[in-house]
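The residues making up each chain are set out below.
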Amino acid sequence: MKKHHEDWLSIEESHAFQTKLKALHEITRLLSEADSVDAVCRLAVELGRDQLGFNRLGIWFFDEHDENYIIGTFGIDEEGNIRDERDQRIKVNFKEPFLELFQTKAIKALRHDGDLQDHAGNVIGQGELVVTIFWDGERKLGWLSVDNFISNEPVTNTDLELLALYGATIGQIIVRKRTEHALHISEAAALHFQSKLKMLHEVTTALAQPTSFDEFCYQAIALGRSKLGFDRLGLWFFDSDPEYIVGSFGTDETGEIRDERGQRVSSKTGFENMVEMLDGRVFASTQNGLLYNDRQEVIGAGWTAAAVVWDGNNSMGWLSTDNFFKQQPLTHYELELLALYADTLGHLAAVRKAQDTLTSERNMLRTIIDTVPDFIFVKDLMGRFMLVNRASWEAATNANTENDLIGKTDFDIHEKELAEHYWQDDLRVISTGQPIQNVEEPGHIADRTRYLLTTKVPLYDPSGKIMGLVGVARDITHLKETERQAHDLAIERERIQVLKEFIANISHDLRTPLTVINTSLYLLEKLTDPQKQQDKLLIIKQQAALLERLIVDILTMFRLENIGKPLHRPVNCNDLLLNICENLQTSAREKQIMMTINLAKNLPKLQGDQDDLHRMLANLVQNAIAYTPDGGKVIITTYLHEPTNSFVAEIADTGKGISLNDLPHIFDHFYRVDKARSVETGSGSTGLGLSIAKRIVELHGGKIEVESILGEGSIFRVFLPYLQNNP
C-alpha cells in the first residue's frame, strides 16, 4: 500500500502520516520497556489514543484453552477513559468481512460499518469498526480493534495502515514479553524445583527414621504436604491379591491426614481411572477431571496426578495428588517431583517392609528364646556376651535386664575358678571348631550352686569364619538332686545292711569273749589247783582286754562316721612315726623283726587331728609287725609327692601278703584276712582297724592305697595333703 501513497495522499496527510510513524517508533520503545504483558496492553491503549490519535481502542486475546472465546485486557470506554477489561471472557462471533483476517498472516486491518458494541458485547451505536490480528508464528494471539464512536470521524486509509502496523508491533512485543515471562517463570520454577530436590533429600532422611511401616506411610503424607508443597496426597498399595488395592494414609477435604488403612477396593471398579492413567508409566496426569475422596465419592473437579510406587522391579501401588485446595494447574516440575517422590517412597517402602518382616521374625525368635527355660547365649571371640535370653539374665546376680550382661564376660559374673573353667571350654570350641555337647558342669544361679548340662557350638559368619559361639545350658540341679537322693537312698540302704551285719558281727564278737569269761569264771569256782586258777584268770584278763579294745574300736568307728571335720592343728607326722616305732620296738624284737625307718627331712606339717593320725599310723605299723613272721622286715618311709602336694607315708612288710580276693574287702568293717586272728581265737583282732584307718585318712582329705603279693608282703601307702606355704 505504501508505494501508492502518492496517488491518494495530500502533502499534509503524508506529512501527518510520517509524524505518526515516528511516534510509532517511540511508542515501540516505550512498550518494549514495559515490565509485563498487562502493562504493555494498558500502555498500548493509552499511547494509541494519545500519540497515534485513535478513537476507542481495545486489545483482546484468544483463550489458550479454547479459541472460541476471547479474554479482555484494557480498552477505552464510552467516555474516552481507559477501562480494565481483564475480567471479560466472551464467545467469538466474527462475521464478514473480518473472517478474511483469519485466512492470512499478512499485516492487515479491515474496516466495517455497522453496530458498535461496548466491552460486554452490548450495542451502543453505529459507526466504523477496524480490526487487525496479531500472530505468534502459526498461532493467533488476539486482535487490536478501533472504532469512531466518540469522534464520529471516518476512518482513513492511513488509519487502517497505521493500525495494522501498530497491531503487528504490539503483537511482536507481547510475544517477546510472554517469552520473557515464561522464561522467568521457568527459571523461577527451576530454582524452586532445585530447592524441592534438596528438601526431598531431607524428607528421605526423615522417612528413614520411622520404626514401623504404618508410621512411614503417615510421615510420607505429612512430609509430602508440609515439606514438598503437594496439595492433597494419597498413598495406596496393591493387595496380595493384585485385583485389590489397600489404603494407607491420605488427605481429607479439610487438609487433615486421614487414616485410610481400612480401605480395600477392587482396582477394577474403584480406581479404574487411576489404573488406566498410570498404565505402566512412571507418572501421568490429567486435568479438568473429577476429584474423589477415599470412598470414591465426587467432591469436585480439577487436576489429578499420580506416580507409580516401585520397589525396584514391581509396582507396589501409587502416590496421587490433586489441586483441590490450590486450584492451580500442576506444572511439569511438580509432576517430576511427584515421580521422584514416588520412586523414593517405593525404595523406602520396600526397605521398611523388609525391615518390618525381619523385625517380626526377630521378635518371634526373641519370644521363643525368652520363653525357653534353658539358658541361651551367644559370645564373641573374646568371650563377651552378644546375646542372652531372659532365663540367663534373670539367673545372673545383679542383672535386671539383658543389657546388664551384654559386653561382659564370665569373669565379670562368676568366681575366677568357675569363669576360667567356662573360658577354657569356649577356647576349645573357638579354636577347634568342634562343639561341646551335653557336658555336665557346675554353675551359679542366683548365688546358689547349680548343675548345668551345657552344649556349645561354633558360630560362623557368612564367609565361613568362626565369629564366636552359641551356647545352651540346662539346669539339671533337680535331676542331680534326684540322682543324689537315689544315691543317698542306696547308700542308706547299704548302711542299714552294713548296720545289720555290724550288729550281727558285734553281737557275735561281744558274745564270744563274754562266753569265754563266764566259762572261765565257772571253772575258776570249781578248780582248787592254784596253777589252773591262774591260767583261768589269765584267760579272763585277755578276753576282758580284747573286749575293751573291741568296744573302743566300735566307739571310735562310730565317732569317725558321725564327725563333720577333724580338728585342724599342725601335726608333724615324722614325729608321730618315731614315737610309734619306739613304742612298738619291743613287739618287733620279740619276733626278731628288723624295723627300718627312712624319714624325709624338712617335711611340712599337716593340718589335722594328731590323735586320730597317730591311731591310723600306729594301726598300720602294728598290723605290719603282727602279720610279718619272725625274722621278717618292716620298712617305714616318708616323702613328699609334689604332683598332689601330699605327704606320703609308706609301711612295707615282708609278711604273708593279701590275696587278690581279699584286697577289695580289707577296709570293710569286721573283715579279717587271717581268720585265725579272730576274736574267737583270742588273738585280739577286732576287724575294725583298717576301716578306722581309712576313715581317718578320708576325713583329712587324703587317700590310702595298698599293694600286696601273696607270700611276699604288703605296702600300705597313705597320702595326706599339706599346705604349700606351711613350714
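The structure displayed is predicted, hence computed values, not measured ones.

Quick look at the overall build of the protein
Reasoning step 1: Within the protein, the regular secondary structure consists of 14 helices and 26 strands.
Reasoning step 2: For the protein, buried positions account for 41% of its 727 residues.
Reasoning step 3: In the protein, once contacts between residues fewer than 6 apart in sequence are set aside, the share between residues at least 24 apart is 58%.
Reasoning step 4: Taken as a whole, the protein presents about 40,400 Å² of accessible surface, with 52% of it coming from carbon and sulfur.

Here's the deal with the pairing of strand 13 (residues 298–310)
Reasoning step 1: Direction of pairing for strand 13 relative to strand 14 (residues 315–322): antiparallel, over a ladder of seven bridges. Paired with valine 308 across the strands is tryptophan 318, a residue of strand 14.
Reasoning step 2: The turn joining strand 13 and strand 14, which pair antiparallel and follow one another in sequence, is formed by four residues; a positive phi near 115° is taken by glycine 312.

What to know about the nonpolar core
Where a protein is soluble and globular, its nonpolar side chains tend to be buried together.
Reasoning step 1: The biggest cluster of nonpolar side chains holds 40 residues, and the ones touching the most others in it are Met616 and Leu720.
Reasoning step 2: When residues of this core are assigned to their parent elements, the largest contribution, eight residues, is made by helix 13 (residues 610–626).
Reasoning step 3: Excluding residues within four positions of it along the chain, leucine 720 makes contact with Cys573, Leu606, Leu613, Met616, Asn645, Ser646, Phe647, Val697, His700 and Gly702.
Reasoning step 4: Residues Leu24, Ala34, Leu144 and Val155 belong to the second largest nonpolar core, which totals 33 residues.

Topic: the confidence of the model for the protein
Reasoning step 1: The share of residues in the protein with pLDDT of 70 or more is 84%, and the mean pLDDT across the chain is 82.
Reasoning step 2: For the stretch residues 1–7, pLDDT sits under 50, and the model shows four contacts to residues farther than four places along the chain or on other chains.

Description of the pattern of salt bridges
Reasoning step 1: In total, this model carries 33 salt bridges according to the counting rule given.
Reasoning step 2: Measuring nitrogen to oxygen at the nearest pair gives 2.9 Å for the salt bridge that ties arginine 384 to aspartate 380.
Reasoning step 3: Of the residues examined, arginine 384 reaches a relative accessible area of 37% and is grouped as partly exposed.
Reasoning step 4: On the basis of relative accessible area, aspartate 380 is assigned to the buried category, the value being 14%.
Reasoning step 5: Here glutamate 705 and arginine 717 are joined by a salt bridge, their closest N and O atoms 3.6 Å apart. Here arginine 717 lies in strand 26 (residues 713–721) and glutamate 705 lies in strand 25 (residues 703–709), a separation of 12 residues in the sequence.
Reasoning step 6: Each of Arg56, Glu78, Arg83, Glu85 and Asp147 takes part in salt bridges that share partners, so that together they form one network.

Structural notes on the packing of aromatic side chains
Reasoning step 1: The tally for this structure, following the rule as stated, stands at 10 aromatic pairs.
Reasoning step 2: Measuring from centroid to centroid gives 6.3 Å for phenylalanine 54 and tyrosine 166, while their planes differ by 15°, and the two rings are stacked. Remark: tyrosine 166 occurs in helix 4 (residues 157–207) and phenylalanine 54 occurs in the loop between helix 3 (37–50) and strand 1 (56–62); sequence separation between them is 112 residues.
Reasoning step 3: Judged by its relative accessible area of 6%, phenylalanine 54 is buried.
Reasoning step 4: Aromatic pair phenylalanine 62 and tryptophan 143: ring centres 5.6 Å apart, planes at 80°, arrangement edge-to-face. Linking phenylalanine 62 in strand 1 with tryptophan 143 in strand 7 (residues 139–147), this pair joins segments that are 81 residues apart in sequence. Like phenylalanine 62, the residue tryptophan 143 is buried in the burial classification.
Reasoning step 5: Each residue in the set Phe213, Phe216 and Phe237 is aromatic and connected to the rest through ring pairs, giving one cluster.
Reasoning step 6: Here the basic side chain of lysine 140 rests over the ring of phenylalanine 62, its NZ or CZ set 5.7 Å away from the ring centre.

Section: the packing of helix 12 (residues 573–590) against helix 13
Reasoning step 1: The interhelical angle for the contact between helix 12 and helix 13, taken along N-to-C directions, is 35°, at an axis separation of 10 Å. Here helix 12 runs over helix 13; the crossing is right-handed. Contact residues: helix 12 offers Leu576, Leu577, Asn579, Ile580, Leu584, Ser587 and Ala588, while helix 13 offers Gln610, Leu613, His614, Leu617, Ala618, Val621, Gln622 and Ile625.
Reasoning step 2: Grouping the constituent residues of the contact of helix 12 with helix 13 by class yields 10 nonpolar, five polar and no charged.

Here we look at the sheet that holds strand 26
Reasoning step 1: Across the sheet, which stays open at both edges, the five strands sit in the order 21-23-24-26-25 with mixed pairing between neighbours. This sheet does not close on itself; its edge strands, each paired only once, are strand 21 (594–599) and strand 25. Going from strand to strand, the sheet's axes swing by 15° on average, the running direction of each strand aside.
Reasoning step 2: Packed onto the sheet, helix 14 (residues 689–699) meets strand 25 and strand 26 and runs at close to 25° relative to strand 26.

Describing helix 9 (residues 416–432)
Reasoning step 1: With 17 residues, helix 9 ought to run about 24 Å at 1.5 Å a step, and its terminal C-alpha atoms sit 24 Å apart, in line with that.
Reasoning step 2: Inspection of helix 9 places Leu418, Ala419, Tyr422, Asp425, Asp426, Val429 and Ile430 among the buried residues, and these make up the whole buried set. Buried residues of helix 9 fall within an arc of 130° about the axis and therefore sit on the same side. Helix 9 presents Lys416, Glu417 and Ser431 as exposed residues on the side facing more than 90 degrees away from its buried surface.
Reasoning step 3: Following helix 9 by one or two positions, glycine 433 has its phi on the positive side, about 75°.

Description of empty space enclosed by the protein
Reasoning step 1: Under the definition given, this model contains one cavity of 30 Å³ or more.
Reasoning step 2: As a volume, the largest cavity reaches approximately 30 Å³.
Reasoning step 3: What lines the largest cavity is simply Leu606, Gln607, Leu613, His700, Leu720 and Pro721.
Reasoning step 4: If you list the elements that add at least two residues to the lining of the largest cavity, you get strand 22 (606–608) and strand 26.
Reasoning step 5: Counted by class, the lining of the largest cavity contains four nonpolar, two polar and no charged residues.

Focus on unusual backbone geometry
Reasoning step 1: Even without being glycine, asparagine 152 reaches a positive phi, approximately 55°.
Reasoning step 2: Checked against the element boundaries, asparagine 152 lands in the loop between strand 7 and helix 4.
Reasoning step 3: The phi dihedral of glutamine 592 is positive, around 55°, even though this residue is not glycine.
Reasoning step 4: The residue glutamine 592 is located in the loop between helix 12 and strand 21 in this model.

So, the packing of helix 5 (residues 213–226) against helix 7 (residues 332–371)
Reasoning step 1: In contact at an axis separation of 10 Å, helix 5 and helix 7 are set at 160° when each is read in the N-to-C sense. The angle between helix 5 and helix 7 places the two elements in the roughly antiparallel class. In terms of crossing hand, the pair formed by helix 5 and helix 7 is right-handed. Counted together, Phe213, Phe216, Gln219, Ala220, Leu223 and Gly224 of helix 5 and Tyr341, Leu345, Leu348, Ala349, Arg352, Lys353 and Asp356 of helix 7 form the full contact between these two elements.
Reasoning step 2: Here the residues of the contact of helix 5 with helix 7 sort into eight nonpolar, two polar and three charged.

Comments concerning the side chain of serine 708
Reasoning step 1: Inspection of the secondary structure puts serine 708 in strand 25.
Reasoning step 2: Assessed through its relative accessible area of 16%, serine 708 is described here as buried.
Reasoning step 3: A distance of 3.3 Å separates a polar atom in the side chain of serine 708 from the backbone oxygen of glycine 713.
Reasoning step 4: If sequence neighbours within four positions are ignored, serine 708 has contacts with Gly657, Ile658, Leu663, Gly713 and Ser714.

How each quantity is defined
- Residues numbered from 1 in each chain as written.
- Predicted model: local features only at pLDDT ≥ 70, side-chain atom pairs only at ≥ 80, totals over all residues.
- Heavy atoms only, no water.
- Helix = DSSP H or I, 4+ residues; strand = E, 2+ residues; numbered from the N terminus.
- Buried < 20%, exposed > 50% of the residue type's maximum accessible area, 1.4 Å probe, protein only.
- Contact = heavy atoms within 4.5 Å.
- Areas by Shrake-Rupley, 256 points an atom, 1.4 Å probe, with all protein chains shown as cover.
- Pairing = 2+ DSSP bridges.
- Core = buried A, V, L, I, M, F, W, Y, C linked by side-chain atoms within 4.5 Å.
- pLDDT = per-residue confidence, 0-100.
- Salt bridge = Lys/Arg side-chain N within 4 Å of Asp/Glu carboxyl O.
- Phe/Tyr/Trp six-rings, centres within 6.5 Å; stacked < 30°, edge-to-face > 60°.
- Lys NZ or Arg CZ within 6 Å of the ring centre and 35° of its normal.
- Axes fitted to C-alpha atoms, helices over the stretch in contact; angles between N-to-C directions.
- Left-handed = near helix turned anticlockwise from the far one by under 90°.
- Nonpolar A, V, L, I, M, F, W, Y, C, P; charged D, E, K, R; others polar.
- Expected span 1.5 Å × (residues − 1).
- Arc of directions from axis to C-beta.
- 1 Å grid on protein atoms, 1.4 Å probe; cavity = no way out; pocket = protein on both sides within 12 Å on 5 of 7 lines; lining within 4 Å.
- Points joined across faces, edges and corners; volume = space filled by probe spheres on them.
- Parallel < 35°, antiparallel > 145°, perpendicular 65-115°, else oblique.
- Polar contact = N/O pair within 3.5 Å; in protein donor to acceptor, adjacent residues only side chain to side chain.

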